[in-house]
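Examining the three-dimensional arrangement
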Amino acid sequence: MTYEFLQQYWWFLVSLLGALLVFLMFVQGANSLVFSLGRNDDEHRMIINSTGRKWEITFTTLVTFGGAFFASFPLFYSTSFGGAYWLWMIILFSFVLQAVSYEFQNKLGNLLGARTFQTFLVINGILGPVLLGGAVATFFEGSNFLVEKSNLIDVTSMTPIISRWANASHGLDALLNPWVVAFGIAVFFLARTLGILYVMNNVADENIRSRGSVRLVGTAFIFVVLYVVYLIHLLLKDGYAWEDETGLIYMEPNKYLQNLLQMWPLLVLLLVGVALVLYGIIRTVVSKTYVRGIWPAGIGTVLTVLSLLLCAGWNHTAYYPSTADLQSSLTIVNSSSSEFTLRTMAYVSVLIPFVLAYIAYAWRALDSKKIDREEIKTEKELY
C-alpha cells in the first residue's frame, strides 16, 4: 500500500460515507412531510415512529462521516469545520433538535406539547438536507478560505493557524451562490422523495400510502429537474485541477466531464445510479401495489452520490476549491494525514463490512413488522 494508494482509498471511504448519509436523509425527508402525509394524531405518530427507528443510524453516519474526514484529511476538517462554523453549527443544532424532539414529544411533563416537537422535526427535515446539500456543493463550487501552512513554522506569527475564512460570514456566504442553493434544494427534494418511498414501504396504512403516491409525483419531478440542471452545469463548468509534479492548482475546462470520461467506471456508476432512482420512482407511481421503491431508489442514490464525490477528488482534482486563493485549494494529497496514520486506519477499516452487516441485521429486525394503527394504540415504547 503506497501513500498515493492510501490517499485514494480513504477518499473512497469518505465518499462512501457521504453517499450513505445522503441516502439516510430519507429520515429528514419523511419528517418534513409529517403534516402532509398524516392528517391526524395517529397518522402523525405512525410516520414519526417509522423514521424514529432509523434516525440514530442517520445521526451516527453524520458523526462518522465527520470523524473519517478529520482522521484522513485533517486540513479539510480544520478549514471547513473550523472556518465555516456557522454553517456547520446550524446543521448540528438542527440534528440535536431532532434528537430532543424524538425523545421528549410524548414525555410526561412536556409543557410545549407534542405538536411543537413535531414542528421541530419538520424544521430539521428542511434545514438538514438543504444545508448539507449546500456544503457538498462547495466541493464543486468552491469556498472562501485561505491556507497558510507557513504559519506553523513562522516564529514571528502571533496566530499559528493554518487556515482561516476570508470573510466574517464563516460559511454562510456559500448560500449567496445560486448553484450551491440549487444543489441544496435538489438534495432536499431527493430526501423528500426517498422519505415518501420509505414511509410507503414501512407504514402499513392505505391512507398514508395513497397520499404518498400523490405527493411523490410532484416531489420527484422537482428533484429530477433540479438535478439535471445542476448536472449539466457541473459537466460544462471549469474545474479545479492540480499538477502532479509541482502541486500547482489551475482551472481546467470541463474538468468534471473529463473526469467521468477518463474514469469511465464512474460514468457507468452514475448512469446506473440514475436509472435505479428513476426506476424506483416510476414503478411506485404507476403501480398501486408496489411499495418497495425505496430500495432501488436508495441504492441508486448511493451509487450516484458516490460517483460524484469520487469525481470531485480523484484524477488530480481539488476537492475543496478556494475562491479566495486558488493555490489554497485542498486536494487529497496536500490535505491528508501522514502515511503512518492512513495505513494504520486502513487496517482498522477491514472491520467496516462487519459493521455494515450488523446494521443490515438490526435494520431487518426493526422492520420485521410494519407500523400500523394497532401498534400505535397498543405499543407502549413509542415516540
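Look up: the structure comes first, before these words.
Residues numbered from 1 in each chain as written. Predicted model: local features only at pLDDT ≥ 70, side-chain atom pairs only at ≥ 80, totals over all residues. Heavy atoms only, no water.

All right, on to the nonpolar core then. Ranked by size, the top nonpolar core spans 103 residues in total, and within it Trp11, Phe69, Phe73, Phe76, Phe139 and Tyr319 carry the most contacts. If one sorts the elements of this core by residue count, helix α9 (residues 178–202) sits on top with 13 residues. Beyond its immediate stretch of four places on either side in the chain, Phe76 contacts Phe69, Phe81, Phe139, Tyr319, Tyr320, Leu330 and Ser335. (Core = buried A, V, L, I, M, F, W, Y, C linked by side-chain atoms within 4.5 Å. Buried < 20%, exposed > 50% of the residue type's maximum accessible area, 1.4 Å probe, protein only. Helix = DSSP H or I, 4+ residues; strand = E, 2+ residues; numbered from the N terminus. Contact = heavy atoms within 4.5 Å.)

For helix α7 (residues 85–104), with 20 residues, the first-to-last C-alpha span of 28 Å sits near the 28 Å given by 1.5 Å per residue. Those residues of α7 that fall on the buried side of the exposure criterion are Leu87, Trp88, Ile91, Ser94, Phe95, Leu97, Gln98, Ala99, Ser101 and Tyr102. (Expected span 1.5 Å × (residues − 1).)

Let us look at the layout of surface pockets. The calculated volume of the largest pocket comes to roughly 1100 Å³. Lining of the largest pocket is provided by 33 residues; of these, Leu20, Ile57, Val355, Leu356 and Ile359 occupy positions nearest its centre. Mapped by element, the contributors of at least two residues to the lining of the largest pocket are α1 (3–24), α5 (55–72), α13 (294–313), α14 (339–348) and α15 (352–366). Here the lining of the largest pocket is built from residues that sort into 22 nonpolar, 7 polar and 4 charged. Taken as a whole, the second largest pocket spans an internal volume of roughly 600 Å³. Lining the second largest pocket are 44 residues, with Val22, Val136, Phe183, Val187 and Val305 positioned closest to its centre. Considering every element that reaches the lining of the second largest pocket, the biggest residue donor is helix α8 (residues 114–141), with 7 residues. (1 Å grid on protein atoms, 1.4 Å probe; cavity = no way out; pocket = protein on both sides within 12 Å on 5 of 7 lines; lining within 4 Å. Points joined across faces, edges and corners; volume = space filled by probe spheres on them. Nonpolar A, V, L, I, M, F, W, Y, C, P; charged D, E, K, R; others polar.)

A word on a nonpolar patch on the surface. Together, Tyr85, Trp86, Met89, Ile90, Leu92, Ile123, Leu127, Leu172, Leu175, Val181 and Ile185 line one region of the surface with nonpolar side chains, adding up to about 850 Å² of accessible area. Taken together, the elements giving at least two residues each to the nonpolar patch come down to α7, α8 and α9. No other element matches the 5 residues that α7 contributes to the nonpolar patch. By the element assignment, Trp86 lies in helix α7. (Patch = residues over 30% accessible without salt bridge, like charges linked within 9 Å, V, L, I, M, F, W, Y side chains within 5 Å. Areas by Shrake-Rupley, 256 points an atom, 1.4 Å probe, with all protein chains shown as cover. Salt bridge = Lys/Arg side-chain N within 4 Å of Asp/Glu carboxyl O.)

Summed over the entire model, instances satisfying the criterion amount to 38 aromatic pairs. Both rings, one in Phe23 and one in Phe26, keep their centres 5.4 Å apart while their planes meet at 55°; by these two values the pair is tilted. Under the relative-accessibility criterion, Phe23 is labelled buried at 9%. Using a relative accessible area of 0% as the deciding quantity, one classes Phe26 as buried. Their ring planes at 70° and their centres at 6.2 Å tell us that Phe69 and Phe73 sit as a pair that is edge-to-face. Here Phe69 and Phe73 have matching classes, each one buried. Above the ring of Trp363, the side-chain terminus of Lys54 is found at 4.8 Å from the ring centroid. (Phe/Tyr/Trp six-rings, centres within 6.5 Å; stacked < 30°, edge-to-face > 60°. Lys NZ or Arg CZ within 6 Å of the ring centre and 35° of its normal.)

Once that is clear, we can look at the side chain of Thr193. By the secondary structure assignment, Thr193 is in helix α9. Accessibility expressed as a relative area gives 1% for Thr193, which makes it buried. Not counting residues up to four positions away in its chain, the partners in contact with Thr193 are Leu216, Thr219, Ala220, Phe223 and Ile281.

What you tend to see is this: most non-glycine residues have negative phi, and most peptide bonds are trans. Although it is not a glycine, His170 adopts a positive phi angle of roughly 50°. Tracing the backbone through its elements, the reader meets His170 in the loop between β2 (163–165) and α9. Positive phi, normally seen in glycine, also occurs at Asn254, with a value near 50°. On the secondary structure map, Asn254 appears in the loop between β4 (249–252) and α11 (255–262). With relative accessibility at 25%, the residue Asn254 sits in the partly exposed group.

Attention now goes to the packing of helix α4 (residues 41–52) against helix α10 (residues 206–236). Where α4 contacts α10, the two axes come as close as 11 Å, and the packing angle between them is 70°. In terms of their interaxial angle, α4 and α10 are classed as roughly perpendicular. Seen from α4, the contacting residues are Glu43, Met46 and Ile47; seen from α10, they are Asn207, Ile208 and Arg211. By residue class, the composition of the contact of α4 with α10 is 3 nonpolar, 1 polar and 2 charged. (Axes fitted to C-alpha atoms, helices over the stretch in contact; angles between N-to-C directions. Parallel < 35°, antiparallel > 145°, perpendicular 65-115°, else oblique.)

Relative to the helices and strands, Ser94 is located in helix α7. There is a polar contact of 2.7 Å between the side chain of Ser94 and the backbone oxygen of Ile91. Ser94 has contacts with Asn124, Leu127 and Gly128, leaving out every residue within four places of it along the chain. (Polar contact = N/O pair within 3.5 Å; in protein donor to acceptor, adjacent residues only side chain to side chain.)

Let's shift gears to the pattern of salt bridges. Overall, the coordinates contain 5 salt bridges when judged by the stated rule. In this structure, Glu43 and Arg211 form a salt bridge, with 2.9 Å as the shortest nitrogen-oxygen distance. Separated by 168 residues along the polypeptide, Glu43 in helix α4 and Arg211 in helix α10 bring together distant segments of the chain. With respect to burial, Glu43 and Arg211 carry one shared label: buried. One salt bridge connects Glu43 with Arg373, and the closest N-O pair in it is separated by 2.7 Å. Here Glu43 is found in helix α4, whereas its partner Arg373 is found in helix α16 (residues 373–378), with 330 residues between them in sequence. For Glu43, a relative accessible area of 1% puts it in the buried group.

So, about the pairing of β4. Pairing of strand β3 (residues 239–242) with β4, which is carried by 4 bridges, proceeds in the antiparallel orientation. What sits directly across from Trp242, in β4, is Ile249. Between β3 and β4, which follow one another and run antiparallel, lie 6 residues, and Gly247 among them has a positive phi close to 75°. (Pairing = 2+ DSSP bridges.)

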